[in-house]
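Secondary and tertiary structure notes
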Amino acid sequence: MKKIKKRGAVYGVIALLLCAAVYLNWSYVDAPDELLVAEQTDPDSAETGADASGNAEGDDYFATSRLTREQARDEAVSTLKEISESEDADQTAKDEAAAQISALAEDSVAEANIESMIRAKGYEDAVVMIGDESVNVVVAPPDGGLQATDVTVIKDIVVAETGVTAGQIKIVEAS
């Protein structure tokens, strides 16, 4: 009976971590709209030396998003490592934790590869978040905004790297 309660606790922690990861992934996608609102209401933006396209803020957005994504992933990996190394956890929980660590590492590599390929195609910057059932891409748009051809190029990169379908990809234009 005690072993079943421990197993339930371990699964509860894993579920909590997955929920936190999904929430953080969702919150990344909303950030460009918040950035747009901040740029429109900031009376000092002209005085700070930021250019009209908001590149100074955009660069900060991408760097901050990457840092936040990595911090969240590091916390999840740390907790999963504790579970996989715990003497109290059963073998199934340890194996599941190890598999999730491996999946997070693969996602991290894929995100970095996709971001590099997007920049190699001539886009200024991008940040990619791979979730369980979707891939979100926030890209600094070229002059004139993202066009259908831009979206196709980015989706082709994501599909080639991850194997997800085009319908599972969301592309958001950063302001």
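Structure: above.
In what follows, the accompanying structure is described. Keep in mind that this is a model prediction, so the values were computed, not measured.

1. Observations concerning the nonpolar core
Grouped together as the largest cluster of nonpolar side chains are 16 residues, with contacts concentrated most on Ile118, Val128, Val135, Val137, Val139, Ile154 and Val158. The set of elements that each furnish at least two residues to this core consists of helix 3 (91-120), strand 1 (126-130), strand 2 (135-139) and helix 4 (148-162). If we skip the residues at most four places from it in the chain, Ile118 touches Tyr123, Ala126, Val128, Val137, Val139, Ile154 and Ile157.

2. A word on the pairing of strand 3 (residues 169-173)
Every regular strand shows the same layout, with side chains that alternate between the two sheet faces. Inspection of the sheet shows strand 2 paired to strand 3 by five bridges, in the parallel sense. Its bridge partner lying in strand 3, Val138 is registered against Val172. In this fold, the crossover linking strand 2 to strand 3 by way of helix 4 has right-handed handedness.

3. Let's talk about the packing of helix 3 against helix 4
Running from N to C, helix 3 and helix 4 cross one another at 150°; their axes reach a closest spacing of 10 Å. Relative to helix 4, the element helix 3 is oriented roughly antiparallel. Seen along the crossing, helix 3 lies across helix 4 with a hand that is right-handed. When helix 3 is examined against helix 4, the residues Ala110, Asn113, Ile114, Met117 and Ile118 are found in contact with a partner set consisting of Ile154, Ile157, Val158, Glu161 and Thr162.

4. Considerations on the pattern of salt bridges
Counted under the stated rule, the structure contains eight salt bridges. Measuring nitrogen to oxygen at the nearest pair gives 3.3 Å for the salt bridge that ties Arg69 to Glu70. Accessibility expressed as a relative area gives 8% for Arg69, which makes it buried. Linked through salt bridges whose partners overlap, the residues forming this network are Arg66, Arg69, Glu70, Arg73, Glu111, Glu115, Arg119 and Asp125.

5. Notes on the packing of aromatic side chains
The final tally for this structure, using the stated rule, is one aromatic pair. Relative to Phe62, the ring of Tyr61 has its centre 5.3 Å away and its plane inclined at 70°; by these criteria the two rings are edge-to-face. For Phe62, a relative accessible area of 2% puts it in the buried group.

About the thresholds
Residues numbered from 1 in each chain as written. Predicted model: local features only at pLDDT ≥ 70, side-chain atom pairs only at ≥ 80, totals over all residues. Heavy atoms only, no water. Core = buried A, V, L, I, M, F, W, Y, C linked by side-chain atoms within 4.5 Å. Buried < 20%, exposed > 50% of the residue type's maximum accessible area, 1.4 Å probe, protein only. Helix = DSSP H or I, 4+ residues; strand = E, 2+ residues; numbered from the N terminus. Contact = heavy atoms within 4.5 Å. Pairing = 2+ DSSP bridges. Right-handed = clockwise from strand over helix to strand, strands pointing away. Axes fitted to C-alpha atoms, helices over the stretch in contact; angles between N-to-C directions. Parallel < 35°, antiparallel > 145°, perpendicular 65-115°, else oblique. Left-handed = near helix turned anticlockwise from the far one by under 90°. Salt bridge = Lys/Arg side-chain N within 4 Å of Asp/Glu carboxyl O. Phe/Tyr/Trp six-rings, centres within 6.5 Å; stacked < 30°, edge-to-face > 60°.

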